[in-house]
Amino acid sequence: MSESLYEIVIGLEVHVQLATQTKLFCRCSTQYGAPPNTQTCPVCLAMPGSLPVMNRTAFQLGLKTACALNLQIPNFTKWDRKNYYYPDLPKGYQISQYDLPMSQDGFLLITDPKGQFEPRKVGIIRAHLEEDAGKSMHDEAAGKADSRIDLNRTGTPLLEIVSEPDMRSPLEAKAYLTELKLILEYLGVSDCNMQEGSLRVDANVNLHLQTPEGKVATPIVEIKNMNSFRAVERAIAFEAERQYEVWLETKQKIGDVAKQTRGWDDQAQVTRAQRYKEESSDYRYFPEPDLAPVTTTDEEIAAVKAELGELPRQIRDRLEAQYKIPAYDADVIVNQGQTTVNYYETLAKNSGDGKLASNWVQQEVLRVLKERSLEIDAFPISTERLAELVKAVAGKEIDGTRAKDVFAEMLDSGKSAPEVMKEMGIEKVDDSELENLCRELLEANPKVLADLKEGTHKAVGALIGQAKKKNPNIDPGTFRQMCIDMSAKM
Amino acid sequence: MSLIHASAAQLLTQLESGEITSVELTKACLAQIDVADKQVGAFLKVMSESALEQAESVDTRRKKGEKLGRLAGVPVAIKDLLCTKGETTTCASKMLENFVPPYDATVIAKLKAADAVLIGKTNMDEFAMGGSTENSALGVTRNPWDLKCVPGGSSGGAAACLAASMAPLSIGTDTGGSIRQPASFCGVVGLKPTYGVVSRFGLIAFASSLDQIGPMARTAEDAAILLEAIAGYDPHDSTSANVKTPAYSQSVKQPLKGLRLGVVKEHFGDGLDSEVEQATREAINVYKSLGATVTDVSLPHSKYGIAVYYIIAPSEASSNLARFDGAHYGHRTNEAAMLEQLAQERAALEAAGDEVGLAKLDTSLVRMYRQSRAEGFGPEVKRRIMLGTYTLSAGYYDAYYLKALKVRRLIRQDYDAAFKDVDLVIGPTAPTPSFAAGTKTDDPLSMYLGDLYTVTANLAGIGGISIPCGFSKAGLPIGLQLQGPPLAEERLLQAAHMFQTATDWHQRRPELS
Ligand SMILES: [Zn+2]
């Protein structure tokens, strides 16, 4: 493996569509999927004479996100024009933020409960607001070279979140994106739907290599067109290998060539150079004269912080402490989103056993949701009913294997756990009955008894099967312990 | 006095009393346009039919005793860069020759709500870039006082139609002097309000931070009436001032007691025509006779006004005019011819094996942009787009744009300091009276210098008014300029009205054959 030969250096630029009802500078709807050019007005069509008016809700969502990402929020921010020509940008400029963004200098903590990488604080350079462009659809079939433009998306509010080049592996990049997406979803600031383009990722990647002449860096490449986190992971891995090959061949260092943009081809699983024009890089930024600068008071910022609520990292820590579950469990539950957390917490409280509740959520509930493509809100068994079952398992009224049968029946019939258990003849075996059964079997199996007396506890396994035949309701764990204890006194 | 020469104030009284009807008045204006506009060329479009419909509607509703708007039945001419729903709005450019906006500018909506009669769209320098209206791509406007001379600009048609009695009220826009200078050249009143007093929504932008819509009329009182109808906070314009609109039409007639005027030293230097200087000095004496105290004030950074203006305005223009690219509306080059030409160029390069040439060859999109803009814009517009693109470019931004913004602040500070001691500053509107058409078209710099005394008000964001104060020996009008602190439009109008009670320059009308 070439991993030891180089270090991958990754910075990510994430564009998030903010979940506002209307666009950033006009009152057109932001609803996805409407027929082309039906959600437009003179402002977002850039009709001569039209003027932008800022959507304060978009700004508030930006503030919320900035607070959650530990970003510094200045009291004064302004808008700038980024000038370039493209048919899906009808004004000929994009209203964005240049030198005084609404937030800068924050961080996001990423960890891996499986321990595949050390916890890392990924710096966030800035998060700023800007308007989205429209969509171009090119039909270059048979030399027609026909292009169609849909301006429904034009003016949709975007938050651009730019990380420091602090990630060192594709896995870390994926963890950063996963955690970022989770935070955005917990905050409710975006639906983060990558297929609909609500969340877009560009990656800046290069390598640091140790050479006899010292440490060198390869030219930075920007990767675009990645439509899933998996694609991001693979594109970065591919790009690292490719850059290493290029380095071996050319020995090109950073600064030797202009920054390159490459697109990820998901079909071929390769990155390809995109057509690049040097002159397009001068955006002639200048302050947007049609919009007033935005001021935010310290009180407003404090109020946003106060209303943030619990963020994923805090919830993980709390679940671990409050319900005595491992970090891994907390991670799985929290990563499912707020509704699953709520489901889990109610289940844990009602059943009185946090770990068992966690197991049931992870193993059974999530499995069924996945099989049936359901959201947790639509899960057929309520937390109260599932708690009855988990409680029965915790109280050894029923063993885990049979509990799963009960669970399956509850799922299909909609009946409660006690109802199903009664139908299946499941009831807790009382202690005297269990003692009798234990004595009877030990006496009938002197070899097992002898083994047990010698301390070979696994011998009891042979008796459990027999006991279950005689009384299917016995709890194997309790029965096992009782045999061991009793053998010592016999 | 005949209808066409009467002031809007008089006409409103006569309309209200039933002495005249709006239809009569509108017909009189249309008849005058019919006669005079052949010579003057103030209008790009005369909206005879819709104007008469509006007039009829006002008359009918008046008869029924309905409550009418404050300009009910009075014709108003519109500079052709205010979007007017369903009516071509051209900016006097080939680029927008056939552009029909789907919406009304706020000012147009307010005029309609005031029951004004929109009589036509007036000529201007293309995209308001110029000082003589000679940059119009769609027509020639002449000065009614001397048809060989220019009406000024960019609101040349707006000023000329007032001077030639084709309309009693007119809407202009002023980015560096475009209301005040043509008002001065045509012997009418033109007010550029404080930035933000009138909504810019629907005004096709030249330089967003400088553009301001304002009233033009033959008297200060009429300007006050028109300003009252169009001013006011507009939630569609983020730069609109959120202040209550004063009752300009009421306060205008109250004389100002103890008015303190500051004579701008820098406005009496090199380049000032001696006849203009004399008329201005005499006007200052009129104010003295009316009880004003007059002192000298200095605006030391005003000498940089033109330089600063010609960095900021083209910079903003280069961006504002980017939307005119042929892709969505406006002029688009003949695509079939363009594609054929491009194919020929490609074939020639391929035949010659010219790899470099092929790599540099435009894509069809880029060629469409280039060619549409090359055909759609006139030379002055192109000049300013190039200037602005250059000054905003990486490596030049700090030296030009950023520096200009700093000097802009100093210019404002000069005014703030001056207004601690005086109520208004006074001086000439333009260095010269009107000049013969064609004499400056090859010398853009001398044309730019015509904005010397007006441009600083736009840079500082304050209001200024030009009123007639005399005539040159050649019989051309001379304008007097007053400028005030932010939101001092009432004071400007009052001071202008005071002057007009003591003089009759504004009552003179040109002889049109
Ligand atoms: Zn819109």
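For every chain, the first residue of the written sequence is number 1, and numbering continues from 1 along that sequence. All chains are assigned letters beginning with A, and all ligands numbers beginning with 1, in the order in which they are written. This being a predicted model, a pLDDT of at least 70 is required before a residue's local features are given, and a value of 80 or more before pairs of side-chain atoms are given or counted; all residues contribute to the totals for chains, interfaces and linings. Side-chain descriptors were evaluated using all non-hydrogen atoms of the structure, hydrogens and water having been removed beforehand.

The test is simple: UniProt positions are given in the numbering used here, feature names are shortened, and annotations may be inferred rather than shown by experiment.
Chain B is annotated in an unreviewed UniProt entry as Glutamyl-tRNA(Gln) amidotransferase subunit A of Blastopirellula marina DSM 3645. Under the heading Function (unreviewed entry), UniProt records this for chain B: "Allows the formation of correctly charged Gln-tRNA(Gln) through the transamidation of misacylated Glu-tRNA(Gln) in organisms which lack glutaminyl-tRNA synthetase. The reaction takes place in the presence of glutamine and ATP through an activated gamma-phospho-Glu-tRNA(Gln)." Per UniProt, chain B carries the Catalytic activity (unreviewed entry) text "L-glutamyl-tRNA(Gln) + L-glutamine + ATP + H2O = L-glutaminyl-tRNA(Gln) + L-glutamate + ADP + phosphate + H(+)".

An unreviewed UniProt entry lists chain A under the name Aspartyl/glutamyl-tRNA(Asn/Gln) amidotransferase subunit B, with Blastopirellula marina DSM 3645 given as the organism. Turning to chain A, the UniProt annotation filed under Subunit (unreviewed entry) states: "Heterotrimer of A, B and C subunits."

## Observations regarding the overall build of chain A
Here is the rule we go by: Only DSSP runs of H or I reaching four residues or more are called helices, and only runs of E reaching two or more are called strands; each is numbered from the N terminus. Atoms considered for the radius of gyration are the C-alpha atoms alone. The globule rule reads 2.2 Å times the number of residues to the power 0.38. Whether a residue is buried, partly exposed or exposed follows from its accessible area with a 1.4 Å probe, protein chains only, as a fraction of its type maximum: under 20%, in between, or over 50%, in that order. The protein chains shown are the only cover counted for residues, whose accessible areas, like all others here, come from Shrake-Rupley with a 1.4 Å probe. Lys and Arg are tallied as positive, Asp and Glu as negative. Neither His nor the chain termini are counted. By convention, the point assigned to a charge is CZ for Arg, NZ for Lys, CD for Glu and CG for Asp.
Broken down by element type, chain A carries 15 helices and 16 strands. Here the C-alpha atoms of chain A give a radius of gyration of 30 Å, more than 25% beyond the 23 Å that 2.2 N^0.38 yields for 490 residues. Of all 490 residues assigned to chain A, the portion counted as buried reaches 50%. With an accessible surface of roughly 23100 Å², chain A has 49% of that area assigned to carbon and sulfur atoms. Of the charged side chains in chain A, 60 are positive and 75 negative, and the gap between their average positions amounts to 2 Å.

## Let's talk about the UniProt feature "domain: Asn/Gln amidotransferase" (unreviewed entry) in chain A
Using the residue numbers shown here, the UniProt feature "domain: Asn/Gln amidotransferase" (unreviewed entry) corresponds to residues 342–486 of chain A. The distance separating the terminal C-alpha atoms of residues 342–486 of chain A is 44 Å; by composition the span is 72% helix and 0% strand.

## Re the environment of Val 455 of chain B
All names here are of chain B. As a reminder, the rule being used: In this analysis, two residues are considered to be in contact whenever any of their non-hydrogen atoms come within 4.5 Å of each other.
Position of Val 455 among the secondary structure elements: in helix α17 (residues 455–460). Placed 32 residues apart in sequence, Val 455 and Leu 487 show a C-alpha to C-alpha distance of 17 Å. When near neighbours in sequence (up to four residues on either side) are disregarded, Val 455 contacts Gly 176, Gly 305, Ile 306 and Tyr 309.

## A closer look at the pattern of salt bridges
Note the cut-off: We count a salt bridge whenever a side-chain nitrogen from Lys or Arg sits within 4 Å of a carboxyl oxygen from Asp or Glu.
Tallied over the full model, the rule gives 52 salt bridges over all chains. Beyond isolated ion pairs, a larger network of salt bridges with shared partners links Arg 81, Glu 288 and Asp 290 of chain A together with Arg 200 and Asp 237 of chain B.

## So, a nonpolar patch on the surface
Residues and elements named next belong to chain B. The line we're drawing: To count toward a patch, a residue needs a relative accessible area over 30% and no salt bridge; like charges are then connected within 9 Å, while nonpolar side chains (Val, Leu, Ile, Met, Phe, Trp, Tyr) are connected within 5 Å.
Taken together, the side chains of Tyr 390, Tyr 396 and Tyr 400 define a hydrophobic patch exposed on the protein surface, amounting to about 270 Å² of accessible area. Among the secondary structure elements, Tyr 400 is positioned in helix α15 (residues 398–418). A relative accessible area of 30% means that Tyr 400 is categorised as partly exposed.

## Regarding the coordination of the zinc ion
Residue and element names in this part refer to chain A. Our working rule: Distances define the donors: N, O and S atoms within 2.8 Å of the metal qualify, as do those within 3.2 Å of Na, K or Ca. Water is excluded, so some sites may look unfinished. Just to be clear on the cut-offs, tetrahedral is four donors with all angles between 85 and 135 degrees, square planar is four donors and octahedral six with opposite donors over 155 degrees apart and all others between 65 and 115, and anything else goes down as irregular.
Coordination of the zinc ion by the protein involves Cys 26 (SG), Cys 28 (SG), Cys 41 (SG) and Cys 44 (SG), with metal-donor separations of 2.3 to 2.4 Å. In this structure, the zinc ion is coordinated by 4 donor atoms arranged in tetrahedral fashion, with angles at the metal of 100 to 117°. Counting the intervening residues between successive donors of the zinc ion yields the motif C-x1-C-x12-C-x2-C. Pair noted here: Cys 26 is in the loop between β1 (6–17) and α1 (56–68) and Cys 44 is in the loop between β1 and α1, with a separation of 18 residues, a long-range link. Comparing Cys 26 with Cys 44 shows no difference in burial state: the two are buried.

## Here's the deal with unusual backbone geometry
Cis geometry marks the peptide bond from Gly 153 of chain B to Ser 154 of chain B, where omega comes out at 10°. Following the sequence through the fold, Ser 154 of chain B ends up in the loop between β3 (117–122) and α5 (156–163). The phi dihedral of Cys 192 of chain A is positive, around 55°, even though this residue is not glycine. Structurally, the position occupied by Cys 192 of chain A is in the loop between α2 (170–187) and β10 (199–211).

## Describing the interface of chain B and chain A
Formally: By buried area we mean how much accessible surface two parts lose on assembly, using a 1.4 Å probe and totalling the loss over both.
Tallying the contact residues gives 38 residues for chain B and 32 residues for chain A. Counting the surface chain B buries against chain A, the share from its top three residues, Ser 238, Arg 323 and His 328 of chain B, is 21%. The tally of links between chain B and chain A comes to 1 salt bridge. Here Arg 200 of chain B makes a salt bridge to Asp 290 of chain A, at a shortest N to O gap of 3.0 Å. Elements that contribute at least two residues to the side of chain B that touches chain A include exactly α10 (305–320) and α13 (364–376) of chain B. Looking at the side of chain B that touches chain A, the element that brings in the most residues is α10 of chain B, giving 5 residues.

## Points about the sheet that holds β3 of chain B
Residue and element names in this part refer to chain B. Condition: Strands were regarded as paired on the criterion that DSSP finds at least two bridges between them. Here the axes come from fitting lines to C-alpha atoms, over the contacting stretch only for helices, and the angles between their N-to-C directions go from 0 to 180 degrees.
In spatial order, the strands read β1-β3-β2-β4-β6-β5-β10-β11-β9-β7-β8; together these 11 strands make up an open sheet with mixed pairing. At either margin of the open sheet sits one strand with a lone partner, and together these are β1 (43–46) and β8 (293–297). Averaged over neighbouring strand pairs, the angle between their axes works out to 30° when direction is ignored. Pairing of strand β7 (residues 260–264) with strand β9 (residues 424–428), which is carried by 3 bridges, proceeds in the parallel orientation. Bridged to Leu 261 within β9 is Leu 424. Most of the contacts of α5 go to strand β4 (residues 169–174), to which it runs at about 155°, and overall it touches β1, β2 (75–79), β3, β4 and β6 (212–217). Here helix α18 (residues 489–502) sits on the sheet and contacts β5 (189–192), β9, β10 (463–471) and β11 (477–484); the angle it forms with β10, its principal contact strand, is near 10°.

## Let's talk about the side chain of Asp 37 of chain B
Residue and element names in this part refer to chain B. Counting through the fold element by element, Asp 37 comes out in helix α2 (residues 22–40). One buried charge, Asp 37, has no salt-bridge partner; the nearest side chain with opposite charge is Arg 142, at 8.2 Å. Each residue touching Asp 37, except ones within four places of it in the same chain, is listed here: Gln 32, Ala 42, Phe 43 and Met 166.

## Things to note about the nonpolar core
Counted only if it meets this: As used in this record, nonpolar core signifies buried Ala, Val, Leu, Ile, Met, Phe, Trp, Tyr and Cys residues forming a set joined through side-chain atoms within 4.5 Å.
Grouped together as the largest cluster of nonpolar side chains are 155 residues, with contacts concentrated most on Leu 111, Phe 127, Ile 171 and Tyr 287 of chain B. Residue contacts for Phe 127 of chain B: discarding those within four places in its chain leaves Cys 91, Ser 93, Met 95, Leu 96, Ile 204, Phe 206, Leu 321, Phe 324, Phe 377 and Val 381 of chain B. Listed in part, the 69 residues of the second largest apolar core include Tyr 6, Tyr 93, Ala 127 and Val 232 of chain A.

## Quick look at the sheet that holds strand β4 (residues 93–96) of chain A
Strand pairing in a sheet relies on backbone hydrogen bonds. The paired strands run either parallel or antiparallel. All names here are of chain A. Pairing in this open sheet of 3 strands is antiparallel, and the strands run β4-β3-β15 from one edge to the other. On the outer flanks of this sheet lie β4 and β15 (286–287), each paired with one strand and no other. In terms of strand pairing, strand β3 (residues 80–83) meets β15 through 2 bridges, oriented antiparallel. By the bridge assignment, Asp 80 is partnered in β15 with Pro 287.

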